[in-house]
Amino acid sequence: MVAASNLEFEYIQGFVLSPYKHLPVSCYVFLQMAESTSARSWLQEIVPQVLSAARWSSRADGTLIKPETVLNIAFTAPALDLLNIQAEGFLTEFREGIAPPTPGNPAQLPARSRRLGDTGPSDPANWEFGGVKNKPIHFMLLLFAADQPALKELVQRQRANWERFGLTQLAEEYSYRPAHGREPFGFKDGLSQPGLAGLNTKDEEMGAGAETIATGEFIQGYYNEYNYLPPVSSEPKLSRNGTYLVYRKLEQDITTFWNFVYAAAANDSKMADYIAAKFVGRWRSGAPLTLSPEHDNPALAADPKRNNTFKFVANDDKAGYGCPVGSHIRRTNPRDSLMPGTDESTTAVRRHRIIRRGRVYGPEYPEDVVEYLNRIKRQNSADKFVADTEQPRGIAFIAINTDIKRQFEFIQQTWVNDPKFDGLYDNKDPLLGSNEEGVSSTMTIQRKPLRTQIENLPRFVTVRAGGYFYMPGMSGLRFIAGLGS
């Protein structure tokens, strides 16, 4: 065990601690090996290229010398089996995969899929890769660069490598960080990341106001929020500085979302903005409703020391008159608002945090997506926003955690998709909820003297692919590749 204040940066893969904000374009490549000998030779070639979280050096003027491209890598359980990594202790969820077939009835929807809300159009049987009907994924390469030419060159160089060693590409997902920082629905994204004990949050661009969470919630070998070490493999080389990744390709139906919101607002644009903000819990600028409930506050949104440093009860929003109880940000991070009290809630919530690494895929929208949709609507003389005929858009989402069941799966099942969350009745997460046709789903907006209920929410986000991965530390990576310690 290593104290959080002594984080072993050089032994942790860089992706765990950095979102690589200076490298806005990226490509995630999903590979399959034909056999282990050549795959291990390939690993021996690329492992020296994998970037650790070691501190970047500085120029004479003090500015950091940041890497121009980055390679990181993660493994599935079938990959470790084929590479003959005979270690016990990996998480059951990782071993089984994100959508394990139902024993005795592979055609039945996996129990885990039901718990995660991967039903209907999100059924893993419909996924583009991963899931129950596609070829097993063995490796996930995470490639980052400063611009498209550099990314193209990086992908080509790596492709030549994996093809030389007989690996097959199953899928590739290009993604990026828009300069305006907004996800496809048009909201500022990435504002509520946890801070890590032992990490300088300013240096890591994790948000100056981030709440500090025990490092063991995100990296193996350090104490977690229970003051225990997280579960690890029986192989000592794989017991420190590694973590688990959850990958989800989340397609967002932007046109349906804004048409629904405008219909609920009787086509009043100010009311539509208000309702959409109530769904999310923040204004589109990123300003939190708890601190600015009636109107947007761009100055608050732009201040990293204030835009995420709030509680619900402590900031007089226990009843949800500012940020509704069922809103997206309140479900995924309830802070101090859960029963039986604020202290108990804060403790419980700290044990269910994840680091989010979301990047946009699909053609980029301008900063104001509603204005863009309005322009298309006018061009088509339509009464409603018309479907954008370009490629689908969404988020290539990755969660970083050391206990998939207690962290990612708990959030998804108990907070996002529970219709009775925190005293509600038939309200799922208005953005991510697994709302199904013909099943009642409501968004309740707490107000005085009477609440507002918006009924029959459709599904706005569909899961198109997914997988559970293990990202070893640098020593573990060298062990898997057969390079010694």
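Structure's up top.
What you see is a predicted model, and the numbers here were worked out from it, not measured in a lab. (Residues numbered from 1 in each chain as written. Predicted model: local features only at pLDDT ≥ 70, side-chain atom pairs only at ≥ 80, totals over all residues. Heavy atoms only, no water.)

## Brief notes about the overall build of the protein chain
Link 1 in the chain: On a plain count of helices and strands, the protein chain comes out with 14 helices and 12 strands.
Link 2 in the chain: Each principal axis of the C-alpha atoms in the protein chain carries an extent, and together these give about 65 × 60 × 45 Å.
Link 3 in the chain: Taking all 485 residues of the protein chain together, 56% fall into the buried category.
Link 4 in the chain: Here the analysis covers contacts within the protein chain between residues at least 6 apart in sequence; of these, 71% occur between residues at least 24 apart.
Link 5 in the chain: Total accessible area on the protein chain stands at roughly 20,200 Å², and carbon and sulfur atoms take up 50% of it.
Link 6 in the chain: Each charge class in the protein chain can be summarised by its mean position, and for the 55 positive and 55 negative side chains these summaries are 1 Å apart. (Helix = DSSP H or I, 4+ residues; strand = E, 2+ residues; numbered from the N terminus. Buried < 20%, exposed > 50% of the residue type's maximum accessible area, 1.4 Å probe, protein only. Contact = heavy atoms within 4.5 Å. Areas by Shrake-Rupley, 256 points an atom, 1.4 Å probe, with all protein chains shown as cover. Lys, Arg positive; Asp, Glu negative; His and termini not counted. Charge placed at Lys NZ, Arg CZ, Asp CG, Glu CD.)

## Here we look at helix 7 (residues 254-264)
Link 1 in the chain: Burial analysis of helix 7 places 8 of its 11 residues in the buried class, which makes it a mostly covered element.
Link 2 in the chain: All of the buried residues in helix 7 are Ile254, Thr255, Phe257, Trp258, Asn259, Phe260, Val261 and Tyr262.
Link 3 in the chain: Structurally, helix 7 contributes buried residues whose contacts are with strand 7 (243-252), helix 8 (269-280), helix 12 (369-379) and strand 11 (452-455).
Link 4 in the chain: Among the residues trailing helix 7, Ala266 stands out with phi positive, at a value near 55°.

## With respect to the nonpolar core
Link 1 in the chain: Core analysis: the biggest nonpolar cluster contains 103 residues, and Trp42, Phe139 and Trp258 have the highest contact counts within it.
Link 2 in the chain: Looking at this core, the element that brings in the most residues is helix 8, giving 7 residues.
Link 3 in the chain: Grouped together as the second largest cluster of nonpolar side chains are 34 residues, Ile12, Tyr20, Leu23 and Phe469 included. (Core = buried A, V, L, I, M, F, W, Y, C linked by side-chain atoms within 4.5 Å.)

## As for the packing of helix 2 (residues 36-46) against helix 6 (residues 148-164)
Link 1 in the chain: Relative to each other, helix 2 and helix 6 sit at 150°, their axes nearing to 9 Å. By the angle class used here, helix 2 and helix 6 are roughly antiparallel. On helix 6, the residues that touch Trp42, Glu45 and Ile46 of helix 2 are Gln158, Asn161, Trp162 and Arg164.
Link 2 in the chain: Residue classes in the contact of helix 2 with helix 6 are distributed as 3 nonpolar, 2 polar and 2 charged. (Axes fitted to C-alpha atoms, helices over the stretch in contact; angles between N-to-C directions. Parallel < 35°, antiparallel > 145°, perpendicular 65-115°, else oblique. Nonpolar A, V, L, I, M, F, W, Y, C, P; charged D, E, K, R; others polar.)

## A closer look at the environment of Lys21
Link 1 in the chain: Residue position: Lys21 is located in the loop between helix 1 (14-17) and strand 1 (25-32).
Link 2 in the chain: Owing to a relative accessible area of 36%, Lys21 belongs among the partly exposed residues under this scheme.
Link 3 in the chain: Along the primary structure Lys21 and Ala146 are separated by 125 residues, whereas in three dimensions their C-alpha atoms are 9.4 Å apart.

## A word on the pairing of strand 9 (residues 394-401)
Link 1 in the chain: Across the 8 residues of strand 9, 8 count as buried, placing the element largely inside the fold.
Link 2 in the chain: Relative to strand 9, strand 7 is paired through 8 bridges, and the arrangement is antiparallel. Looking at the pairing, Tyr244 lines up with Asn401 of strand 9.
Link 3 in the chain: Taken together, the 7 bridges between strand 8 (residues 355-361) and strand 9 define a ladder with antiparallel strand orientation. By the bridge assignment for strand 9, Arg357 is matched with Ile398. (Pairing = 2+ DSSP bridges.)

## Here we look at helix 11 (residues 342-350)
Link 1 in the chain: Listed as buried for helix 11 are Ser345, Thr346 and Val349. Along the axis of helix 11, the buried positions cluster into a sector of 100°, meaning they face one direction only.
Link 2 in the chain: In this fold, the buried residues of helix 11 make contact with helix 13 (405-416). (Arc of directions from axis to C-beta.)

## Here's the deal with the pattern of salt bridges
Link 1 in the chain: With the rule as written, the count across this model stands at 26 salt bridges.
Link 2 in the chain: The closest approach of N and O atoms between Arg248 and Asp118, which form a salt bridge, is 2.7 Å. Highlighted residues: Arg248 in strand 7 and Asp118 in the loop between helix 5 (111-116) and strand 3 (139-145), separated in sequence by 130 residues.
Link 3 in the chain: Among the residues examined, Asp118 registers a relative accessible area of 0% and is labelled buried.
Link 4 in the chain: One salt bridge in this structure joins Glu128 and Lys249, with 2.6 Å as the shortest N-O distance. In this pair, Glu128 sits in the loop between helix 5 and strand 3 while Lys249 sits in strand 7, placing the two residues 121 residues apart along the sequence. (Salt bridge = Lys/Arg side-chain N within 4 Å of Asp/Glu carboxyl O.)

## Here's the deal with the side chain of Arg335
Link 1 in the chain: Relative to the helices and strands, Arg335 resides in the loop between helix 10 (328-332) and helix 11.
Link 2 in the chain: The buried charged residue Arg335 lacks any salt bridge partner; its closest oppositely charged side chain belongs to Glu211, at an N-O distance of 6.6 Å.
Link 3 in the chain: A distance of 3.0 Å separates a polar atom in the side chain of Arg335 from the backbone oxygen of Phe310.
Link 4 in the chain: What Arg335 contacts, discounting residues up to four positions off in sequence, is Ser192, Arg282, Asn308, Phe310, Lys311, Phe312, Ser345, Thr346 and Val349. (Polar contact = N/O pair within 3.5 Å; in protein donor to acceptor, adjacent residues only side chain to side chain.)

## Section: the packing of aromatic side chains
Link 1 in the chain: Overall, the coordinates contain 27 aromatic pairs when judged by the stated rule.
Link 2 in the chain: Connected via pairs of aromatic rings, a cluster forms that spans Phe185, Phe187, Phe257, Trp258, Phe260, Tyr262, Phe279, Phe385 and Phe460.
Link 3 in the chain: Sitting over the ring of Phe310, Arg335 keeps its end group 3.9 Å from the ring centre.
Link 4 in the chain: A cation over an aromatic ring shows up here: Arg393 above the ring of Tyr365, its NZ or CZ 3.6 Å from the ring centre. (Phe/Tyr/Trp six-rings, centres within 6.5 Å; stacked < 30°, edge-to-face > 60°. Lys NZ or Arg CZ within 6 Å of the ring centre and 35° of its normal.)

## So, the packing of helix 7 against helix 8
Link 1 in the chain: The geometry of helix 7 relative to helix 8 is characterised by a closest axis approach of 8 Å and an angle of 115° between their N-to-C directions. Between helix 7 and helix 8 lies a crossing whose hand is right-handed. Where helix 7 abuts helix 8, its residues Phe257, Trp258, Phe260, Val261, Tyr262 and Ala264 lie against Ser269, Ala272, Asp273, Ile275, Ala276 and Phe279.
Link 2 in the chain: Taken together, the residues of the contact of helix 7 with helix 8 break down into 10 nonpolar, 1 polar and 1 charged. (Left-handed = near helix turned anticlockwise from the far one by under 90°.)

## Re the pairing of strand 3
Link 1 in the chain: Burial runs high along strand 3: 7 of the 7 residues are buried.
Link 2 in the chain: Because side chains alternate across strand 3, one face comprises the buried residues Phe139, Leu141, Leu143 and Ala145, and the other comprises Met140, Leu142 and Phe144, equally buried.
Link 3 in the chain: Sheet analysis places strand 1 next to strand 3, joined by 7 bridges and oriented antiparallel. Note on strand 3: the bridge partner recorded for Phe30 is Met140.
Link 4 in the chain: When strand 2 (residues 69-75) meets strand 3, the two strands line up antiparallel, connected through 7 bridges. Opposite Ala74, over in strand 3, you have Met140 as the bridge partner.

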